[in-house]
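Examining the three-dimensional arrangement
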Amino acid sequence: MNEMAVPLPDDIDGAHALELFRQMLRIRRFEEKCAQMYSSGKIRGFLHLYIGEEAVGTGVMQSVAPRDAVVATYREHGHALLRGISMNAVMAEMYGKQEGCSRGRGGSMHLFDKATGFIGGNAIVGGGMPVAVGYALAAKMQQNGAVAWCIFGEGAMAEGEFHESMNLAALWQLPVVFCCENNYYAMGTALDRSESQIQLVEKARSYRVVAEEVDGMDVLATEAAARRAADSARAGNGPYFLEFQTYRFRAHSMFDAERYRSKNEVHEHELQGPLRTFGARLEASSLLDEQRRAELEADIAREIENAVAFAESGTPEPVSELGRFVYSEVQP
Amino acid sequence: MSTTIPAGMREMTYREAAREGLHEALTRDERVFLMGEDVGRYGGSYAVSLGFLEEFGPERIRDTPLSESAFVGAGIGAAIGGMRPIVEVMTVNFSLLAADQIINTAATYLHMSGGQINVPLVIRMATGGGLQLAAQHSHSLENLYAHVPGLKVLTPATVEDVRGMLATALADPDPVLIFEHILLYNRKGLLAADAGAVDIHRARIRRAGTQVSLITYGGSLWKCLEAAELLEQQGIDAEVLDLRTLRPLDDEAIMATVTRTRRVVIVDEGWRSGGISAEITARIHEQAFYELDVPVQRVCAAEVPIPYAKQLEDAALPQVADIVAAAGRLVKGND
């Protein structure tokens, strides 16, 4: 492997570091399977892969407490799994089955789970941001200590909803952690082709929100940044903004021919990929070897295989159920 | 109004009734709070919440920035988070800035989540024209929202409804939009001393009649009642049906009045093209076509942005004389 890898700090909890690696590997392999199932026609609609960005969600999710809410985007398979929605329920949702976490009504872009406070799966860019602000408002009014984690891409920062939401969260000092996953492309439009100010933290700071730039390819950095943000938000210091600089290795969606960037550019970033670099560091610290790797891969492969089987054998929601859940079934 | 008020009744304006409903909601349930532009220190752009800031404090009477999308969306998030927000959008015209949150989020989350995430949110807004406020403050766009499954659209026309619909809306597990016509705020009406929550699924006959049905809602109700008085002087007995709720529509009540009178005029301040009047006409066609003696007629806003000048605005909006003329043509033309 990488002879140049820097060993992990001496004081690191080795088991925890290995667990971070396992979590990233799990969502990577899951999504590779999703892409495969898409190609074979089992999954339809849009499919937006998180491959390359795993260190962000994995690091962030370590600080998400049970009472918190996560408001994510349409590129949210990883966050959903990390948050604790079962792989079976996520895969079944992609298959459009009744056993899916949204009973087949949401698909890839709209994974929801009330039990874990996973409030979607919003496929309108910027659309989840006001919702996260509102959840934080409820938390503050109820003084329940919850934090709203608002995950979005840098493309959302061109939306009015970003600016309205930042202002409101700062004005009312609400416990929201704004997690910008800057993968440098809003679909096919590069950041510097769409923003007059590409120092994204400056936008947040203009609303007097504490903002940090974070290496989004380093899971230890993302974890530490998220912990600082969570501590600050929980202490009542208002919103916090984290810009995670990352990169999407795959196309925007399965329909994207990637005419806007070169293969070489993608390759350069892949060499700095979160699994590759962190795996090498684990090895340099003697926390990971070929055998342990093989064990992890085997466990994950088994879970994925089971999820596919679960989804395959799931129940198609009967068409007679079409009209359900437009309105709540229990009316006053 | 009459100088004698029946026992057990109180006379009050629509504004006072709306205010009483809000006051009761805030008093009864700690989870309820009011949020919107100028609801606090200014007292509400239509003075509905005057004094609330002092009484309930800034946590529960929240002045917001002019960020319709953010504060409507924040209402959605707060509702999901366990609160019972009442969001005031100053007018329906401005609600278009929050249309993403209302249509793409509030209306979809329950369905997209397979029944998990309901949004118990109430959004109030003013609607309609007649105050010479020109095109960007005078439109009746409630029909846009009545188009959307997942929403409920209420259009209280009376003091009883504007007071009581709020309580019912707050008890509803799903998003409810309440449209208050701007010309109604100063109108007086009688309210029972023990008035409370009202049903929101049924249209109501405000005047019984036998020869022609005037189907309407909101601000136009009073124009229809006035038209019915004038029609009576011409010997025409008109029934007035107040829809009260545009989504869901009370088909049963609509078909019942059609069956009784066999003649229909739909009166709506929205535009005719693609409006709620078109929807009602189609439903009558589908469900009660053979009950009709004559084709359905409509009195709607002219197909123009509502203009400022008085004579132009009057000409653009449905007027009593237009309703009388349309109903008269139907009845006399058929005699």
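About the criteria used
Residues numbered from 1 in each chain as written. Chains lettered and ligands numbered in written order. Predicted model: local features only at pLDDT ≥ 70, side-chain atom pairs only at ≥ 80, totals over all residues. Helix = DSSP H or I, 4+ residues; strand = E, 2+ residues; numbered from the N terminus. Rg over C-alpha atoms; globule rule 2.2 N^0.38 Å. Buried ≥ 20, exposed ≤ 12 C-beta atoms within 10 Å, placed from the backbone. Contact = placed C-beta atoms within 7 Å. Pairing = 2+ DSSP bridges. Right-handed = clockwise from strand over helix to strand, strands pointing away. Nonpolar A, V, L, I, M, F, W, Y, C, P; charged D, E, K, R; others polar. UniProt positions renumbered as here; feature names shortened; annotations may be inferred. Domains from an automatic or database assignment. Axes fitted to C-alpha atoms, helices over the stretch in contact; angles between N-to-C directions. Parallel < 35°, antiparallel > 145°, perpendicular 65-115°, else oblique. Left-handed = near helix turned anticlockwise from the far one by under 90°.

Turning to the overall build of chain A, a few remarks are in order. Within chain A, the secondary structure is distributed over 12 helices and 8 strands. Relative to the compact-globule value of 20 Å for 332 residues, chain A shows a C-alpha radius of gyration of 20 Å, a close match. Projected onto the principal axes, the alpha-carbon positions of chain A cover approximately 65 × 50 × 40 Å. Considering chain A as a whole, with its 332 residues, one finds that 50% of them fall into the buried category. For chain A, long-range pairs separated by at least 24 residues make up 75% of all intrachain contacts whose partners lie at least 6 apart in sequence.

Attention now goes to the pairing of strand β10 (residues 212-216) of chain B. Residues and elements named next belong to chain B. Extensive coverage of β10 is indicated by the burial of 5 of its 5 residues. By the alternation rule, side chains of β10 split into V212, L214 and T216 and S213 and I215, which are all buried. Sheet topology places β10 next to strand β11 (residues 238-242); 5 bridges connect them, and they run parallel. Bridging across to β11, L214 finds its partner in V240. Read as a crossover between parallel neighbours, the route from β10 over helix α9 (residues 220-233) to β11 is right-handed. Relative to strand β13 (residues 264-271), β10 runs parallel, the two sharing 3 bridges. What sits directly across from L214, in β13, is V265.

Okay, the interface of chain B and chain A next. Contacts between chain B and chain A engage 36 residues on the former and 36 residues on the latter. Secondary-structure elements contributing two or more residues to the side of chain B that touches chain A are α3 (68-80), α5 (99-106) and α6 (109-112) of chain B. It is α3 of chain B that contributes the most residues to the side of chain B that touches chain A, 10 residues altogether. Of the residues contributing to the side of chain B that touches chain A, the split by class is 15 nonpolar, 17 polar and 4 charged.

In the numbering adopted here, UniProt assigns the feature "domain: Transketolase-like pyrimidine-binding" (unreviewed entry) to residues 12-187 of chain B. End-to-end, the C-alpha atoms of residues 12-187 of chain B are 8 Å apart, and along that stretch the chain is 38% helix and 19% strand.

What follows covers the domain arrangement of chain B. All names here are of chain B. Per the domain assignment, the segments of chain B are domain 1 (9-192) and domain 2 (204-332). Elements that contribute at least two residues to the side of domain 1 that touches domain 2 include exactly α7 (142-146), β6 (152-154) and β7 (176-181). Split into classes, the residues belonging to the side of domain 1 that touches domain 2 amount to 10 nonpolar, 10 polar and 4 charged.

Residues and elements named next belong to chain A. Pairing within the open sheet is parallel, and its 6 strands lie in the order β2-β1-β3-β4-β8-β7. With one partner strand each, in any of the chains shown, β2 (118-121) and β7 (210-215) form the two edges of the open sheet. Taken over all neighbouring pairs, the strand axes of this sheet differ in orientation by 15 degrees on average, direction set aside. With 6 bridges connecting them, β7 and strand β8 (residues 240-245) associate as parallel partners. Bridged to V214 within β8 is F244. Lying over the sheet, helix α5 (residues 128-142) contacts β1 (69-72), β2, β3 (148-153) and β4 (176-182), oriented at roughly 170 degrees with respect to β3.

What follows covers the packing of helix α1 (residues 14-39) of chain A against helix α12 (residues 290-312) of chain A. Residues and elements named next belong to chain A. In contact at an axis separation of 10 Å, α1 and α12 are set at 45 degrees when each is read in the N-to-C sense. The pairing of α1 with α12 is recorded here as oblique in orientation. When you trace α1 past α12, the crossing you get is right-handed. Facing α1, whose interface residues are R22, L25, R26, R29, F30 and K33, α12 presents L296, I300, A301, I304 and V308. For the contact of α1 with α12, the residue count by class is 7 nonpolar, no polar and 4 charged.

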